[in-house]
Amino acid sequence: MSEIFRAEFKDAPVNYNEIARYAGAKTIDSELKNLIDACLNEANNIGVLNFTLCFVKENIEVGEDTTNFAGFSLKSKNLAKVLNGTKEAVVFACTLGVGIDKLIRKYAEIQPSKALVLQGIGAERIESFIDYFCERYKKENGVSLTMRYSPGFGDLSLENQKKVFALLNPPKYIGVTLNDSLLMSPSKSVTGIIGIGGCDKKEDCTNCNLENCEYRK
Amino acid sequence: MDFREFLKNNNVIVDGATGTELQKAGLQVGELPERWNITHPEVLINLHKAYYDAGSNIVSANTFGANSLRYNDKELEEVIACAINNVKKAKELSTGNQEKFIAVDIGPTGKLLEPYGDLKFEEAVEVFAKTVRLAVKYGADLLFIQTMNDSYETKACVLAAKENSNLPIFVSNAYNEDGKLMTGATPYTMACMLEGLGVDAIGANCSFGPKELEDVIQKLLEVSSLPVIFMPNAGIPKNENGMAVYDVSAKDFAESVSNMVGKGVRVAGGCCGTTPEYIKLLVDLVKDKPVSKVEYKGLTHICSNSKEARFGYKPLIIGERINPTGKKRFKQALIENDIGYILNEGLSQSECGADVLDVNVGIPDIDEKEVLPKTVQKLQEIIDLPLQLDTSNVEAMEKGLRIYNGKALINSVNGKKESMEAIFPLAKKYGGAIIALTLDENGIPNTPQGRYEIALKILEEAKKYGIKKEDIIFDTLCMTMSVDPEAGNKTLNALKLIKEKTGCNTSLGISNVSFGLPDRESVNAAFLTMALQNGLDAAIINPFSKGVMDSICSFNVEAGKESEEEYKKFITNIINKATNQGGNVANVKSLSDAIIIGLKDEAKQKTKELLATKSALDIINEEVIPALDEVGKKYENKTFYLPQLLISAEAAKQAFDAIKDSSSVKNSSVKCDFVIATVFGDIHDIGKNIVKLLLENYGFNVIDLGKDVPQRTIVDEVIKRHAPLCGLSALMTTTVPAMEETVAMLKKEAPWCKVVVGGAVLNESYAQKMGADKYAKDAMETVRYAEEIYSKLV
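Residues numbered from 1 in each chain as written. Chains lettered and ligands numbered in written order. Predicted model: local features only at pLDDT ≥ 70, side-chain atom pairs only at ≥ 80, totals over all residues. Heavy atoms only, no water.

A. Spatial organisation of the overall build of chain A. Broken down by element type, chain A carries seven helices and 10 strands. Taken over C-alpha atoms, the radius of gyration comes to 17 Å for chain A, in line with the 17 Å a tight globule of 217 residues would show. When its C-alpha atoms are laid out on the principal axes, chain A stretches across 50 × 35 × 35 Å. The proportion of buried residues among the 217 residues of chain A is 55%. Here the contacts in chain A between residues at least 6 apart in sequence split such that 74% fall between residues at least 24 apart. Here chain A has roughly 9400 Å² of accessible surface; of this, 47% comes from carbon and sulfur atoms. The positive charge centre, built from 27 side chains, and the negative charge centre, built from 28, are 1 Å apart in chain A. (Helix = DSSP H or I, 4+ residues; strand = E, 2+ residues; numbered from the N terminus. Rg over C-alpha atoms; globule rule 2.2 N^0.38 Å. Buried < 20%, exposed > 50% of the residue type's maximum accessible area, 1.4 Å probe, protein only. Contact = heavy atoms within 4.5 Å. Areas by Shrake-Rupley, 256 points an atom, 1.4 Å probe, with all protein chains shown as cover. Lys, Arg positive; Asp, Glu negative; His and termini not counted. Charge placed at Lys NZ, Arg CZ, Asp CG, Glu CD.)

B. Local environment of the overall build of chain B. When helices and strands are counted, chain B shows 30 helices and 25 strands. Compactness check: chain B gives a C-alpha radius of gyration of 30 Å against a globular reference of 28 Å for 794 residues, within 12% of the reference. Here the C-alpha coordinates of chain B stretch approximately 90 × 75 × 50 Å along the principal axes. Evaluated residue by residue, chain B yields a buried proportion of 59% over its 794 residues. Averaging the positions of the 91 positive and the 109 negative side-chain charges in chain B gives two centres separated by 1 Å.

C. Summary view of the sheet that holds strand E10 (residues 189–196) of chain A. Residues and elements named next belong to chain A. Overall, antiparallel pairing links the five strands, which are arranged E1-E2-E6-E10-E7 in an open sheet. Where the open sheet ends on each side, the last strands, each with one partner, are strand E1 (4–9) and strand E7 (145–149). On average, each strand axis in the sheet is tilted by 25 degrees relative to the strand beside it, whichever way the strands run. Relative to E10, strand E6 (residues 88–95) is paired through eight bridges, and the arrangement is antiparallel. Residue pairing for E10: Val91 is matched across the bridge by Ile193. Relative to E6, helix H6 (residues 161–168) is tilted by about 95 degrees, and along the sheet it contacts E1, strand E2 (51–59), E6 and E10. (Pairing = 2+ DSSP bridges. Axes fitted to C-alpha atoms, helices over the stretch in contact; angles between N-to-C directions.)

D. Broad picture of the state of the cysteines. All names here are of chain B. In total, this model carries zero disulfides over all chains according to the counting rule given. In this model Cys157 remains outside any disulfide bridge; the closest cysteine sulfur is found in Cys271, 16 Å from its own. In this structure Cys157 comes out as buried when scored by relative accessible area, which is 0%. Left without a disulfide partner, Cys672 is nearest to the cysteine sulfur of Cys753, which lies 9.7 Å away. Taking relative accessible area as the criterion, Cys672 reaches 9% and is therefore assigned buried. (Disulfide = S-S within 2.5 Å.)

E. Fine view of the pairing of E2 of chain A. Residue and element names in this part refer to chain A. Extensive coverage of E2 is indicated by the burial of seven of its nine residues. In the sheet, E2 pairs with E6 via eight bridges, with the strands oriented antiparallel. Each bridged residue has a counterpart across the sheet, and for Asn59 the counterpart in E6 is Glu88.

F. Looking closely at the domain arrangement of chain B. If you check the domain split of chain B, you get domain 1 (3–286), domain 2 (313–575), domain 3 (591–661) and domain 4 (673–793). Here the C-alpha centre of domain 3 of chain B lies 57 Å away from the C-alpha centre of domain 1 of chain B. (Domains from an automatic or database assignment.)

G. Quick peek at the environment of Gly262 of chain B. Among the structural elements, Gly262 of chain B can be located in helix H10 (residues 250–262). For the pair Gly262 of chain B and Glu470 of chain B, spaced 208 residues apart in sequence, the C-alpha to C-alpha distance is 28 Å.

H. Representation of the packing of H10 of chain B against helix H11 (residues 276–286) of chain B in the model. Residue and element names in this part refer to chain B. As a packed pair, H10 and H11 sit with axes 8 Å apart at the nearest point and diverge in direction by 40 degrees. When the axes of H10 and H11 are compared, the pair comes out oblique. Where H10 crosses over H11, the two elements pack in a sense that is right-handed. Between H10 and H11, the residues in contact are Ala250, Lys251, Phe253, Ala254, Glu255, Val257, Ser258 and Val261 and Glu277, Tyr278, Leu281, Leu282, Leu285 and Val286, respectively. Residues of the contact of H10 with H11, tallied by class, amount to 10 nonpolar, one polar and three charged. (Parallel < 35°, antiparallel > 145°, perpendicular 65-115°, else oblique. Left-handed = near helix turned anticlockwise from the far one by under 90°. Nonpolar A, V, L, I, M, F, W, Y, C, P; charged D, E, K, R; others polar.)

I. Geometry of helix H19 (residues 520–533) of chain B. All names here are of chain B. An ideal rise of 1.5 Å per residue puts 20 Å on 14 residues; H19 measures up with 20 Å between its terminal C-alpha atoms. All of the buried residues in H19 are Asn524, Ala525, Phe527, Leu528, Ala531 and Leu532. Where H19 is buried, its residues meet helix H18 (487–502), strand E19 (505–509), strand E20 (538–541) and helix H20 (546–558). Two residues or fewer after H19 comes Gly535, characterised by a positive phi angle close to 100 degrees. (Expected span 1.5 Å × (residues − 1).)

J. Examining the interface of chain B and chain A more closely. Contacts between the two partners involve 50 residues from chain B, matched on the other side by 47 residues from chain A. Carbon and sulfur atoms make up 60% of the surface buried where chain B meets chain A, a total of about 4300 Å² over both sides. Joining chain B to chain A, the criterion identifies three salt bridges. Between Arg105 of chain A and Glu381 of chain B there is a salt bridge, with its nearest N and O atoms 2.7 Å apart. (Buried area = accessible area lost by both parts, 1.4 Å probe. Salt bridge = Lys/Arg side-chain N within 4 Å of Asp/Glu carboxyl O.)

K. Main features of the packing of aromatic side chains. Residues and elements named next belong to chain B. If you walk through the whole model with that rule in mind, you get 19 aromatic pairs over all chains. Ring geometry for Phe3 versus Phe101: centroids 4.9 Å apart, planes at 75 degrees, classification edge-to-face. You can see Phe3 sitting in helix H1 (residues 3–9) and its partner Phe101 sitting in strand E3 (residues 101–106), a full 98 residues away along the chain. What makes Phe101 buried here is its relative accessible area of 3%. For the ring pair Phe253 and Tyr278, a centre distance of 5.3 Å and an interplane angle of 70 degrees mean the geometry is edge-to-face. Of this pair, Phe253 sits in helix H10 while Tyr278 sits in helix H11; the two residues are 25 residues apart in sequence, bridging distant segments of the chain. (Phe/Tyr/Trp six-rings, centres within 6.5 Å; stacked < 30°, edge-to-face > 60°.)

L. Representation of the sheet that holds strand E22 (residues 701–704) of chain B within the structure. All names here are of chain B. Spatially, the five strands line up as an open sheet ordered E22-E21-E23-E24-E25, and their pairing is parallel. Each end of this open sheet is capped by a strand with a single partner; those strands are E22 and strand E25 (774–775). As paired elements, strand E24 (residues 754–758) and E25 share two bridges and run parallel to each other. Counted as the bridge partner of Val756 is Lys774 from E25. Contacting strand E21 (673–678), strand E23 (725–729), E24 and E25, helix H30 (residues 779–793) crosses the sheet at an angle of about 175 degrees to E24.

M. Just the side chain of Asn62 of chain B, in detail. Residues and elements named next belong to chain B. Tracing the backbone through its elements, the reader meets Asn62 in the loop between strand E2 (58–60) and helix H5 (73–93). Side-chain polar atoms of Asn62 contact the backbone oxygen of Pro33, separated by 3.1 Å. Beyond its immediate stretch of four places on either side in the chain, Asn62 contacts Thr18, Leu22, Pro33, Glu34, Asn37, Leu44, His48 and Ala83. (Polar contact = N/O pair within 3.5 Å; in protein donor to acceptor, adjacent residues only side chain to side chain.)

Structure follows, in structure tokens:
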């Protein structure tokens, strides 16, 4: 029987370039650096950059364009390619919580540049925290992990969020909810699946059809 | 026995976990546990019986997730009917001889409420109402609202319970490690709100083991006048060979929980990981504990989701600036739906030290019953302070109180029969402390005795509605000194008399005293000090007024209500604010430099300097617009990126604000109307706000309808204004149809209007297909297009 676990982290190194990238800037000048620092300080002072995650380890069966586990079936060639050769996977949901959303809302009304940078910080933080979780998981369990794959990536439709939510019950464990639009609340939340074993490669943009994506690396 | 009677004189034992026990019996991850009521009744009956046998007074039916978002109406009824029936059978079969009751367990909907999620408050009320009605129909003894991690959802659930049953209501919340709910509520604010709503017991469950939750329980015991519930987990699950193992043993659990019963907890049980064994040991230990008296704390307090304001300690500052009376700019903001302006007024007052914000949006041109609740929601979205709802429109008051997250301050009731009959039922239903004005059908009595008699009448009447005197705050009405030199004295004498005789808290709108006089600040400050000396508990004042704020700080220190350190901090803040209005202005050559670099204070300062020698129009045309154009070009050439574009735009906005503040300019720069909205169903508005900021800088009169705006509202606004331009934004593929419909309606009903669309999911061909006049890839492109259309108009 599989079990759902919950974990909380407070620290993971901050990557300024990623924050700038998410905020739409390719370079960081001193004004932008100051703005990022001001936003980071404010967010940290009110404690809205903490990370909560829940996950379950499941046996998976990977076919050519489907991945099956725990009675669910995800249809996606791209995902199957990522998970190719693995027998187990971590399915996770995680969030920074509602505090960062509140802060973004506040500045969206009174100072949009801060809202934009805080969006970037939120995106960078949650990704860095997941990286941190993965590194720890690898160390603790002595395994390699594939890149993580989320509903909405490549040909894995956003509809699959419903399956991830049915499996993990994130509202109960970490307070993350699924909206009718299939986006999540709080907004700085991520779900995904990570193969255990298999190819230990970081994000691989070549495995994605969105060739004009502004975040393509 | 009636459950409420039982609760009065006994410690109440609740059952332990259901979910983790069902998992042991084979419930799979991803399976809906409530279906087991129908498919595995024997498992449920055995479990419930084991809890009754262990000595539980309350066993909860397996209905935690039984709501209409997860089940259709037919299945929901079946699930709840079977769930209650299973407990009934267990009750019959049990050998325990204690009093036994059946609870219907109500957990969160699984959706987050607006504004941070997409479930509307009233939808949440209706979801819970369906469950409550079924609980009543199938014979529950009480409603047990559990594991809620959001105060707002908790309120929706309690309202549904009150509106659809007379059953006792228990509310237990799931607190995080930081001692707060996920959305920020504290034990103090939860106690304040839930007592206001009139539930029967409050507490904490789930999350952690008994030790970690002790602090939360202590806080609840400290402020709650209701029985306190404590139902922790059996610790925290640890991963042992892939299995979750809870780390607190039954013995340790029972000791810790019963220990808290000794300290005042009246309702005890267990959550995740606990079993009948845990409850059995708990029952054995609680048997020897006394039944603590639930003490009435007599607090006068109000709260928002996350902040409590308590009367009778330090005088509270109620900020009066969110009020259109005598403020042209504010009225304009209300008419134009410029919520940003109102929010800024709120945030600035908060920064200046206000404890509570008065909210008054009453002007003849708007529908207060629509605008007040909307303003309340918007303010609560970004400001933590509790609010005082200030309206004479009873319908607006009800809507505002209903939608309010927390326990609000109601401004106001008075001694007139009609007023009390309208306001007291609202306060009773939604909770709320009430400002009571000492006037009645015969006007304002001239003597302190007369005002005191009205106070007594108000208290008498409030009592009939079950409203306690602690929820009544008297305002003895401050009249202007310019008409009656004795006005101040009469008010203060009445204040003192009422406070001494009734023990109630007091509040005054201070600035009335100086109405019609010069140098009002000094008069107000002096009067405020006198009022404080006479026992004033809350002052409705202007937090931007240094004189008045200084006098309240000085009083607090001199009357020993504040540490000197706090005082110094406060004063330094105010001084900084006062002297910083010029700011630490760096040395930049020109206004246009300040804008290009993005220095806000400098931009404001330079504009002020320029206004002494130049006309507003010249400043805009010679300095601001060229600077904006240069920034725009840099952005288009990709030497500037979005954050820099915004930083500059905000600096330019400071220049415009400085120009608007100077009286010399009358709409000199307004080009034409531009109606803008994020379409129906979409709640993403950062992009839209960026476009708005830039358009305003370029002189367009932007009518911002906000986000999630129905098609009809947008079209009506365009027609009403005969607006030549309309901008629509959508981020999600799912909301593009709403955009298409809006464009089609605009084309049909407002063919003169050029429609610009934008947002992450759109592109040129998509925009063309839906019939939009223009696809703009970013804010600058929208500005360029708007300029082009405008140039053809003139």
